[in-house]
Structure formats: structure tokens, C-alpha cells
Amino acid sequence: MDLGIAGKTALVCASSKGLGRGCAEMLAANGVNLVLNARGAEALEDAANAIRKAHGVSVVAVAADITSEEGQAEVLAAAGEIDILITNAGGPPPGYWEDWERADFIAAMDANMLTPIALMKALVPGMMARGWGRVVNITSVSVKAPIALLGLSNTARTGLTGFVAGTSRQVADKGVIINNLLPGIHATDRAQVLDNARAAETGQPVEKVAADRAATIPAGRYGTTEEFGATCAFMCSQYAGYMVGQNILLDGGATSATI
Ligand code: NAP
């Protein structure tokens, strides 16, 4: 299927690795030019070079912390006109509800709620003026079903979800389509870090920890960045024009719910 987005330009935040990288790869495979971002310059340059070589699209790489105001300004200045925005950043740290103070909530909301909102505020007006745009916010399964140890993620990402629910319906008639993509467990560095931590805590081999975790998922395995990226690319396609303000869950069936 031709997604109809060849020649468009996408800003993919936090995309040298993991889920953001998966989205960047699939957009590039469909002929989309890219602005990539991550904090670490070396891995970012490697990703940019690999994508240029594999897909022949133009790739601009901006090493910056997307959750800081300066980082956002730097990325937006380098990006110019953007047709497709994928928001993403690292997730908040784990902990218990009584551990967190006001500053912890503000930091989580800055990174996982106010950063994507600031990027949408900067780029959606241009999309509206040109009559076409796509935004996909990478959030988490935690907005459908809270994860006990990730209260900061549950809180900040649900705030973003509320913003998208309202805003997406105010811009759809201008051809701008905003949705959220909700990962459950995917095989990325972040999943590996969590498995390693659990292995160290319990004294079990990391392979056993990963196998036990995979066994809790009806699909029997972790998701792949390719599957995630392909879903994202479809949500950015010409065919996603009637999908407005939705929360698309990719969790291998782990969230047991009828709808
Ligand atoms: P990952 O494998 O650790 O990759 C994170 C990517 O984001 C890297 O390229 C990293 O590069 C970049 N990054 C992190 N913080 C950044 C920042 N402040 N500014 C710019 N770039 C930044 O993580 P992932 O698994 O892809 O997860 C992506 C998001 O999905 C996270 O918010 C995570 O909480 C959420 N999520 C993941 C899963 C999962 O199973 N993987 C499940 C649910 C939710 P640098 O470190 O060099 O900046």
C-alpha cells in the first residue's frame, strides 16, 4: 500500500534508538524526509547515516534535550516547515506515590506532557495553514491501565491525552490529524534496562526475567520497533484522515479490556 506521504518532512523526537527510531525508519522507508533528535550526538549521527544509506531520504540530525526550552528552540529552528510531528522523550523514573514532591511532578509533566504540547503549539498552525498535517504522540499503555510503579508516567501522560482529545477535534477540519500511540512492552534499550534491574533485584538470570515478563503478554513476546514504526507510519498516512483523537494501543493484548 502506498501511504501517500513520500516527499513530506517529519520531525521525530527522541529517535536515535528504540520506538522513535522505529518510527523514523518506517517513515523513511515510505519516502519521508526526516529531522531526527536525541541528546547523544554520536548515536544520533549513526542513526542518521544508517537511515540516509538505507532509504535515500534527506536527514537532518539535531542533538538536543527535547524536554528543555532551549532544546525545543534548537530543534524547531533546524526543522523549518514540518508536515509530520512524532513526539517522544524518555519516560519518568519509577517509584511509589508517597515518594514524589511537587518538583517531581513538574519535571514529569514538563517532559511527557508540556513538551509535546509546546511542539504541537509550534508546528500545528503551519500544518493548518498548509491544509495538511499529522501528529503522533508516543505515550504509554499507562494511560489505559495505570502501572503501579510509574505514577509519574500515569499522571503526566494522561494530562497529554486530555489535551489531545480536545485539540484534535479543533484542527481536524483543517486537515491536521492528531492521535496517540500507546506502547506496551517493546524490545528496546528501556525494556532491557528494566529487565536487568529486575534480574539484579531477584538474583534471577535476565533471560528468565524476560521470559516470565513475555509470558504475561497474550502474544507471548515483546513488541518490535518495526511493528511499532509501521503502525506509526500508517497513522501519518493519507489514509488516517478520519482517525481523530484516538489512542492506539500496541501491547500484545496485555491490557485485558473489551474496548
Ligand atoms: P529507549 O530505547 O531508551 O530510546 C529512547 C530514545 O530517546 C533514545 O534515542 C534517546 O537518546 C532519546 N531520548 C531520551 N530522552 C531524550 C530527551 N530528553 N531528548 C531527546 N532525546 C531523548 O526508549 P523507548 O523504549 O524507545 O521508549 C520511548 C518512550 O516510550 C519512553 O517515553 C518510554 O517511557 C515509552 N514506553 C516504552 C515502552 C517500552 O516497552 N519500550 C513501553 C511503554 C512506554 P539519548 O539518550 O541520546 O537522548
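It should be noted that the structure appears before, not after, this text.
Residues numbered from 1 in each chain as written. Predicted model: local features only at pLDDT ≥ 70, side-chain atom pairs only at ≥ 80, totals over all residues. Heavy atoms only, no water.

The next subject is the overall build of the protein. The secondary structure content of the protein amounts to eight helices and seven strands. A globule of 259 residues ought to have a C-alpha radius of gyration of about 18 Å, and the protein, at 18 Å, matches this closely. In terms of principal-axis extent, the alpha carbons of the protein reach across some 55 × 40 × 40 Å. Each of the 259 residues in the protein was classed as buried or not, and the buried ones make up 45%. A sequence separation of at least 24 residues applies to 72% of the contacts in the protein between residues at least 6 apart. By element, 56% of the accessible surface of the protein is carried by carbon and sulfur atoms, the whole surface being about 12,200 Å². Across the protein, the mean location of the 19 positive side-chain charges is 6 Å away from that of the 25 negative side-chain charges. (Helix = DSSP H or I, 4+ residues; strand = E, 2+ residues; numbered from the N terminus. Rg over C-alpha atoms; globule rule 2.2 N^0.38 Å. Buried < 20%, exposed > 50% of the residue type's maximum accessible area, 1.4 Å probe, protein only. Contact = heavy atoms within 4.5 Å. Areas by Shrake-Rupley, 256 points an atom, 1.4 Å probe, with all protein chains shown as cover. Lys, Arg positive; Asp, Glu negative; His and termini not counted. Charge placed at Lys NZ, Arg CZ, Asp CG, Glu CD.)

We now examine the site of the ligand. The environment of the ligand is formed by 28 residues, the closest being Ser 16, Leu 19, Arg 39, Ala 89 and Thr 188. Measuring from an oxygen atom of the ligand, one finds a backbone N or O atom of Ala 14 at 3.5 Å. In this structure, an oxygen atom belonging to the ligand sits 2.8 Å away from a main-chain N or O atom of His 186. In isolation the ligand offers 880 Å² of accessible surface; the protein chains occlude 87% of this area. (Near = heavy atom within 4 Å. Polar contact = N/O pair within 3.5 Å; in protein donor to acceptor, adjacent residues only side chain to side chain.)

Within the secondary structure, Ala 54 is located in helix H2 (residues 41-55). Residue class for Ala 54 comes out exposed when judged on its relative accessible area of 53%. When the C-alpha atoms of Ala 54 and Leu 27 are compared, they prove to be 12 Å apart, with 27 residues separating the residues in sequence.

One way to put it is that helix H6 (residues 189-202) packs onto helix H7 (residues 206-215) with a least axis distance of 8 Å and a crossing angle of 115°. Note on packing geometry: the crossing formed by H6 with H7 is right-handed. Here Ala 191, Gln 192, Leu 194, Asp 195, Asn 196, Arg 198, Ala 199 and Thr 202 of H6 lie close against H7, whose contacting residues are Val 206, Val 209, Ala 210 and Arg 213. (Axes fitted to C-alpha atoms, helices over the stretch in contact; angles between N-to-C directions. Left-handed = near helix turned anticlockwise from the far one by under 90°.)

A few words now on empty space enclosed by the protein. According to the stated counting rule, one finds one cavity of 30 Å³ or more in the structure shown. The calculated volume of the largest cavity comes to roughly 70 Å³. Of all the secondary structure elements, the ones that give two or more residues to the lining of the largest cavity are helix H4 (102-130) and helix H5 (151-171). Considering each element in turn, the lining of the largest cavity owes the most residues, four residues, to H4. Residues of the lining of the largest cavity, tallied by class, amount to five nonpolar, four polar and one charged. (1 Å grid on protein atoms, 1.4 Å probe; cavity = no way out; pocket = protein on both sides within 12 Å on 5 of 7 lines; lining within 4 Å. Points joined across faces, edges and corners; volume = space filled by probe spheres on them. Nonpolar A, V, L, I, M, F, W, Y, C, P; charged D, E, K, R; others polar.)

What follows is about the nonpolar core. Val 12, Leu 27, Leu 34, Leu 36, Ile 84 and Ile 86 are the most contacted members of the largest nonpolar core, which has 31 residues in total. Taken together, the elements giving at least two residues each to this core come down to strand S1 (9-12), helix H1 (18-29), strand S2 (33-38), H2, strand S4 (84-87), strand S5 (133-138) and helix H8 (225-235). Among the elements that take part in this core, H1 stands out by supplying five residues, more than any other. In this structure, Leu 85, Met 113, Met 127 and Leu 160 belong to the second largest nonpolar core, which totals 28 residues. (Core = buried A, V, L, I, M, F, W, Y, C linked by side-chain atoms within 4.5 Å.)

The tally for this structure, following the rule as stated, stands at one aromatic pair. Taking 6.1 Å as the distance between ring centres and 85° as the angle between the ring planes, the aromatic pair formed by Trp 100 and Phe 105 counts as edge-to-face. Assessed through its relative accessible area of 26%, Phe 105 is described here as partly exposed. (Phe/Tyr/Trp six-rings, centres within 6.5 Å; stacked < 30°, edge-to-face > 60°.)

Another aspect to go through is the sheet that holds strand S6 (residues 176-183). Pairing is parallel in the open sheet, where seven strands are placed in the order S3-S2-S1-S4-S5-S6-S7. With one partner strand each, in any of the chains shown, strand S3 (59-63) and strand S7 (247-250) form the two edges of the open sheet. Direction aside, the axes of adjacent strands within the sheet are offset by 15° on average. Sheet topology places S6 next to S7; four bridges connect them, and they run parallel. By the bridge assignment, Leu 182 is partnered in S7 with Leu 249. Its contacts with the sheet place H8 against S4, S5, S6 and S7, and it is angled at close to 165° to S6. (Pairing = 2+ DSSP bridges.)

Purely geometric stuff here, so don't read any function into it on its own.
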